[in-house]
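Inside the fold
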Amino acid sequence: MDFKEIEKKWQKRWQEAHAFEPDVGRGKKFFLTVPYPYMSGSLHIGHGRTFTIGDIIARFKRLEGYNVLFPMAFHVTGTPVLAIADAIRNGDEKVLTLYRDYLRIYESDEKRVEELLRSFVEPENIANYFAEKAIEDFLSMGYSIDWRRKFNTAEPIYNRFVEWQFKKLYEKGVIKKGKYPITFSPVDGNPVGEDDIADGDTDKVSIMEFTAIKFGYEDGYLVAATLRPETIFGVTNLWINPEGEYCKVHVNDEIWYISREAAEKLKYQKEGVSVEKCVPGTYFIGKFAKEPVHGREVPILPAEFVDVDNATGVVYSVPAHAPYDYQALEDLKKDAAYMKKFNLSEEMVKKIEPIKIIDIKGYDMPARDICKKMGITNQNDPRLEEATQVIYKDEFYSGVLNEKCGEFAGIKIKEIKDEVKTWLKNMGRGDVFYETSRKAVTRNGHKVIVAVLQEQWFIDYSQKWWKELGHKAVERMLFYPEKYREMMHGIIDWLNRRPCARKRGLGTRFPWNKEWIIESLSDSTIYMAFYTVAHIIRGSNIKPEQLTEALFDYVFLGIGTLEEVSEETGIPIDVIEKMRSEFTYWYPNDQRHTAPAHMSNHLAFFIMHHTAIFPEEHWPGGITLNGLMIREGAKISKSKGNVIPLAHISSRYGVDLFRLYCAVASDLDTVMDWKESEVASLRRRFERLATILEESLNSETLAEKNHYDRWLLSRFYRRYSESIEMFRGMRIRDAMLNMLFHFMNDLRYYEKHAGEERRKKIVREIMEDWLKILTPVIPHLTEEFWHRLGHESFISLETLSPPREEYIDLQIEREMEYVDNVIEDIREILEVARLQPTKIYIYTAPDWMWKVFDAIKNATPKDAMRLAMQSGVDVNKGEIAKFVKRMLKEKIQYITLNEQKVLEREKDVIEREIGAKIEINAEYDPKHKRSLALPLKPAIYVE
RNA sequence: GCGGGGGUUGCCGAGCCAGGUCAAAGGCGACAGACUCAAGAUCUGUUCCCGUAGGGGUUCGCCGGUUCGAAUCCGGCCCUCCGCACCA
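Scope of this entry: the structure provided in the associated data block. Here the structure is a predicted model, which means the values were calculated and not measured.

**Brief notes about the protein's contact with RNA strand B**
- Within the structure, RNA strand B sits among 48 residues, and Y38, Y180, P499, R502 and N601 are positioned closest to it.
- If you look at RNA strand B and keep only atoms within 4 Å of the protein, 57% of those are sugar or phosphate atoms.
- One nitrogen or oxygen atom from the main chain of N496 is found 3.1 Å from a base nitrogen belonging to RNA strand B.
- At 2.8 Å from a base nitrogen of RNA strand B is found a main-chain nitrogen or oxygen belonging to V942.
- Elements with a contribution of two residues or more to the surface near RNA strand B: α16 (483–494), β19 (497–499), α21 (599–613), α24 (676–696), α26 (732–754), α29 (810–833) and β29 (939–942).

**As for the pattern of salt bridges**
- Tallied over the entire structure, the rule returns 82 salt bridges.
- Note that D460 and K176 form a salt bridge whose closest N and O atoms lie 2.8 Å from each other. Linking D460 in strand β17 (residues 449–460) with K176 in strand β3 (residues 175–185), this pair joins segments that are 284 residues apart in sequence.
- The exposure class assigned to D460 is buried, which follows from its relative accessible area of 8%.
- Note that E455 is salt-bridged to K177, the shortest N-O span being 3.8 Å. Of this pair, E455 sits in strand β17 while K177 sits in strand β3; the two residues are 278 residues apart in sequence, bridging distant segments of the chain.
- For K177, a relative accessible area of 48% translates into the label partly exposed.
- What you see here is one network of salt bridges that share partners, running through E21, D23, D146, R148, R149, K578 and E582.

**Here we look at the sheet that holds β17**
- Strand order in the open sheet formed by four strands is β4-β3-β17-β19, and the pairing between neighbours is antiparallel. In this open sheet, the two edge strands, each paired with only one partner strand, are β4 (190–191) and β19.
- Looking at chain direction, β17 and β19 are connected through three bridges and run antiparallel. Bridging across to β19, F458 finds its partner in P499.

**Section: the pairing of strand β5 (residues 207–217)**
- For β5, the tally of buried residues reaches eight of 11 residues, placing the bulk of the element in the interior.
- Judged from the seven bridges that link them, β5 and strand β16 (residues 430–436) form a sheet pairing that is antiparallel. Note that in β16 the partner of E209 across the bridge is Y434.
- Across seven bridges, β5 lies against strand β6 (residues 220–226) in antiparallel orientation. The residue of β6 that forms the bridge with T211 is T226.

**Considering the nonpolar core**
- In terms of nonpolar packing, the biggest core is built from 186 residues, with Y99, F138, F161, M488, F530, F556 and W770 touching the most fellow members.
- In terms of residue count, α26 provides more of this core than any other element does, 11 residues in total.
- In this structure F556 touches F161, W164, A529, T532, V533, R580, F583 and F614, once residues within four positions along its chain are discounted.
- Judged by nonpolar contacts, the second largest core, of 48 residues, contains L222, V279, A328 and V349.

**Points about the pairing of strand β8 (residues 245–251)**
- Counting buried positions along β8 gives five out of seven residues, so the element sits mostly inside the fold.
- With seven bridges joining them, β8 and strand β10 (residues 273–280) adopt antiparallel strand pairing. By the bridge assignment, H250 is partnered in β10 with S274.
- Both β8 and strand β9 (residues 254–259) contribute to a ladder of six bridges, which runs antiparallel. The residue bridging V251 from the neighbouring strand is E254, located in β9.
- Counting the residues in the hairpin turn of β8 and β9 gives two residues, including N252, whose phi is positive at 50°.

**Some details on the state of the cysteines**
- One pass over the structure, following the stated rule, counts one disulfide.
- Two residues, C247 and C278, share a disulfide whose sulfurs are 2.1 Å apart. Here the disulfide of C247 and C278 is right-handed, its torsion about the S-S bond being about 95°. Of this pair, C247 sits in strand β8 while C278 is found in strand β10, placing the two residues 31 residues apart along the sequence.
- We classify C247 as buried; its relative accessible area is 1%.
- Residue class for C278 comes out partly exposed when judged on its relative accessible area of 25%.

**Observations regarding the environment of A534**
- Within the secondary structure, A534 sits in helix α17 (residues 528–539).
- Taking the C-alpha atoms as reference points, A534 and V314, separated by 220 residues in sequence, lie 59 Å from one another.
- Residue contacts for A534: discarding those within four places in its chain leaves R149 and F151.

**Comments concerning the environment of E784**
- For E784, the location among the structural elements is in helix α28 (residues 779–788).
- Sequence separation between E784 and R476 is 308 residues; the distance between their C-alpha atoms is 41 Å.

**Looking at the packing of helix α13 (residues 383–398) against helix α14 (residues 413–426)**
- Relative orientation of the contacting elements α13 and α14 amounts to 95°, with a least axis distance of 6 Å. Considering their axes alone, α13 and α14 lie roughly perpendicular with respect to each other. Note on element contacts: α14 touches α13 through I413, K414 and K417, opposite Y392, E395, F396 and Y397.
- Along the lines of polarity and charge, the residues of the contact of α13 with α14 split into four nonpolar, no polar and three charged.

**Some points on the packing of aromatic side chains**
- Following the criterion strictly, the structure yields 74 aromatic pairs and no others.
- Measuring from ring centre to ring centre gives 4.6 Å for Y585 and W586, while their planes differ by 75°; the resulting arrangement is edge-to-face.
- The exposure class assigned to W586 is buried, which follows from its relative accessible area of 0%.

**Observations concerning a negative patch on the surface**
- Negative charge collects at one region of the surface, where E563, E564, E567, E568, D574 and E577 lie side by side.
- Elements represented by at least two residues in the negative patch include exactly α19 (562–569) and α20 (573–586).
- Take the negative patch: its biggest share by element is four residues, from α19.
- Within the secondary structure layout, D574 lies in helix α20.

**What to know about α16**
- Between its first and last C-alpha, α16 extends 17 Å over 12 residues, near the 16 Å set by a 1.5 Å rise per residue.
- Those residues of α16 that fall on the buried side of the exposure criterion are Y484, R485, M488, H489, I491 and I492. Across the axial projection of α16, the buried residues extend over an arc of 165°, all falling on one side. Looking at α16, the residues exposed on the side facing more than 90 degrees away from the buried face are E486 and W494.
- Of the surrounding elements, those touching the buried residues of α16 are α15 (464–476), β18 (478–480), α21 and β23 (622–625).

**Here we look at α14**
- The first and last C-alpha atoms of α14 sit 20 Å apart over 14 residues, in line with the 20 Å expected at 1.5 Å per residue.
- Among all positions of α14, only I413, I416, K417, V420, K421 and L424 are buried.
- Structurally, α14 contributes buried residues whose contacts are with β5, β14 (358–359), α13, β15 (400–401) and β16.
- In the stretch just after α14, G428 is the one whose phi turns positive, near 80°.

**Topic: the side chain of K29**
- Tracing the backbone through its elements, the reader meets K29 in strand β1 (residues 29–33).
- A distance of 2.8 Å separates a polar side-chain atom of K29 from the backbone oxygen of P588.
- Side chain to side chain, K29 and D590 meet in a polar contact 2.7 Å long.
- Setting aside anything within four residues of it in sequence, one finds K29 in contact with Y66, N67, Y585, W586, Y587, P588 and D590.

**Re unusual backbone geometry**
- Cis geometry is adopted by the peptide bond preceding P481, which originates at Y480 and carries an omega value of -5°.
- Turning to its location among the elements, P481 is positioned in the loop between β18 and α16.
- In the segment running from Y587 into P588, the intervening peptide bond is cis, with an omega of 5°.
- Note on placement: P588 falls in the loop between α20 and β22 (591–594).
- Here N252, not a glycine, exhibits a phi torsion of approximately 50°, which is positive.
- Along the polypeptide, N252 turns up in the loop between β8 and β9.
- On the basis of relative accessibility, which here comes to 52%, the residue N252 falls in the exposed class.

Rules used throughout
- Residues numbered from 1 in each chain as written.
- Chains lettered and ligands numbered in written order.
- Predicted model: local features only at pLDDT ≥ 70, side-chain atom pairs only at ≥ 80, totals over all residues.
- Heavy atoms only, no water.
- Near = heavy atom within 4 Å.
- Polar contact = N/O pair within 3.5 Å; in protein donor to acceptor, adjacent residues only side chain to side chain.
- Helix = DSSP H or I, 4+ residues; strand = E, 2+ residues; numbered from the N terminus.
- Salt bridge = Lys/Arg side-chain N within 4 Å of Asp/Glu carboxyl O.
- Buried < 20%, exposed > 50% of the residue type's maximum accessible area, 1.4 Å probe, protein only.
- Pairing = 2+ DSSP bridges.
- Core = buried A, V, L, I, M, F, W, Y, C linked by side-chain atoms within 4.5 Å.
- Contact = heavy atoms within 4.5 Å.
- Disulfide = S-S within 2.5 Å.
- Axes fitted to C-alpha atoms, helices over the stretch in contact; angles between N-to-C directions.
- Parallel < 35°, antiparallel > 145°, perpendicular 65-115°, else oblique.
- Nonpolar A, V, L, I, M, F, W, Y, C, P; charged D, E, K, R; others polar.
- Phe/Tyr/Trp six-rings, centres within 6.5 Å; stacked < 30°, edge-to-face > 60°.
- Patch = residues over 30% accessible without salt bridge, like charges linked within 9 Å, V, L, I, M, F, W, Y side chains within 5 Å.
- Areas by Shrake-Rupley, 256 points an atom, 1.4 Å probe, with all protein chains shown as cover.
- Lys, Arg positive; Asp, Glu negative; His and termini not counted.
- Charge placed at Lys NZ, Arg CZ, Asp CG, Glu CD.
- Expected span 1.5 Å × (residues − 1).
- Arc of directions from axis to C-beta.

Structure follows, in structure tokens:
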């Protein structure tokens, strides 16, 4: 069979017939979405898993009789394609090579490749080209998508929709403006994300908030930074790096003294910062500054451990609780020459004693204790970092501020930290200084600092009413796997304010400030609603400017009147009515299927924005998720060179085979490994299926049914019925394993007993039902056979037949199981006893045993003996007791069965399997085996 | 750090949520046999250990607990994977 030809044929026929373009109002509906892909390149098999599962769900829902809408669009919002276009314009060889490779997936003419590549200097061209190719890819995968509704997120009509969304959010009071710290590259003049930072993916850079504490000094403040503001009560001195350079900085109307590096950073963190002059660190050493709490004069001392490029470059010393401070002070006290170098009075330095301000069990003077314990003897010992961590943790969780801390005395550190911070700020002596969690540079080697955006726009998710709505929605939704429900509750709790606009990128301009572009995740939260009307907007030639707030209010929220809206927009009443009815028919989005990576951003926003904007009946119905796809154990990535484009699936593997692999290779929730060896063995299985189906095409059905037929039909319809339930419960893998692997094993078993010819007939008997249950996963093959059977309709649009319960016959299945058990027992005996049989005798249990068995069939082990004795059989009590004990031990499940009859019937089969003659219940019993027989477990004697 | 998973017999991977019928599905691999000139495909059987009669023994990350009984429930420990805000 030419699978490729079959694929193409049916894809074309579906398209020509507009098979998957559903209209409003045909019975119960199901609206399924999968997030649109970002179009910066071609799609590969990793993406393919999610879309394929989505399509399988859509197709199964059609089988169940739903009117299914499965739309798709393209995401082009954001900066990546801009960066790519820039790189191409600048002749970046790596990017050129990458995109040349992408183009060669689709283009065979090298001249055309170069031509297209040159066009990619325009970001829109990249997005448009790959979006167009993605449609081809999706079509070639047999996805049942309604393409009439496609759009991309840079289109004016979509921009209007996003603007509307933001207006709605603004009305709810969740769009806000404020300051926000971000990682930033001063050289590039841009914010930097994880992707822009060298090793950012493996070694994350986070933003640390230091408390800057102002120590009175000359005409201003010497500003020390700390992560432990509560230790201010224990300050004994300040540390300055004598090798560093420090500057006098005007911060609005204040004067700060901080390191040169810190001054540079501060310019990006505060407004009104200017540097007056800089001097060497030595300039300050030996002088005094006033600590802010009591105004004590504390000396400024030299320390090499101070990093001028970390926070303000000024450190205040708390030798009682900070190991670095303790050790630096000890070092200094011992080094007379060093003190002399800086003209420090030895007496003054030696007088400095740690001030203990935190009481904690197990420590006398924490910093000293730990340095002694670890054997640290100088301030350059790298283990000081570890010591600091230990003390910090211990004090944070179990330390209590003591009487030296004024109003904060007696309170645990973890409860008081933030209050001390606020207290200092309110006194005008505390401020915030942001620093990166580690030294970082961009991929181009430019320094990364923390900058504070002064006028950042946010969506404020922190509001209580909103979170409550979010939780309520999550509670009502379907989640599969179920564990993600709890996770989503957690994410909603954690959501805070999120910047929603940036200065660069493609997308929608921010309605209240056109310099800003709405950020790419914030513009993709409720767009499923747009699918319901996109084709009407396009089909009726509605201009972007006609898409007013009033129009969308009417269509999506039912606010206003048709007449008013029609008058305002100039859109005919019937068109607006159509839009409104499309929306109300299709909404809510019943199921959204994607990957778990989207949980904490997109999916959370998806839920939250729906709850803020739409009434409850239009909130999302459910979220289903599938894990990542990897290849031969490795992550799929361009850099690894192990990418298989979706466009190559058809020729390299076959689409149905790929879809089948997606369905059965692993559960939805687990990582799926694309392994060539597994694919190959699945291919054999798939081709075997095709052969079996093909062989039955022209076969007659069975005129009369024997017990083997009844057995097979029973197995089939039981599996069929189970699989429908599995599909409903999103257990796609189990459903398919059942209908394919397990049922094909049944067929093999059947063929062994009933023969090949009969198999062909019985397959013909169940073929329509079999094809239907398989069609969501392997639509092309099933469509082909469906039509070869003479059907005119598309199987893709057929409805499942109800399982034929009348065929499900547990008795017949048990009988076969019984026979198999007998065969297996004989085999085991032959093997263990190493016998070459000449003849085998089988003895079934006597009638009285069956009577007792029947009496105790539902009994608990406790009651069994009593019931057995009361069963009224005329056998000696000891016999009965012995029998009951054996039965309890063997744990034989009760079924009614005439053993002798079944064995007689299957005699030929057993003899063939064993390769020896058998005799049932013969008088001959030389080894007295007959007495070992139990119901359903006959005694066996081999000669 | 915060949050969420997972550790099962050669490998992959079910089962564990609703404890017993679990030596534990299915696939792959391996071995033996049938078919074939041969190979491949297909089919049959075996694949934790012991066993000359259908039996017994030891397993489901480690330690302990609950129970008549635990891969399955509870507690602790070790290891591992994933997500974490301006990035689509």
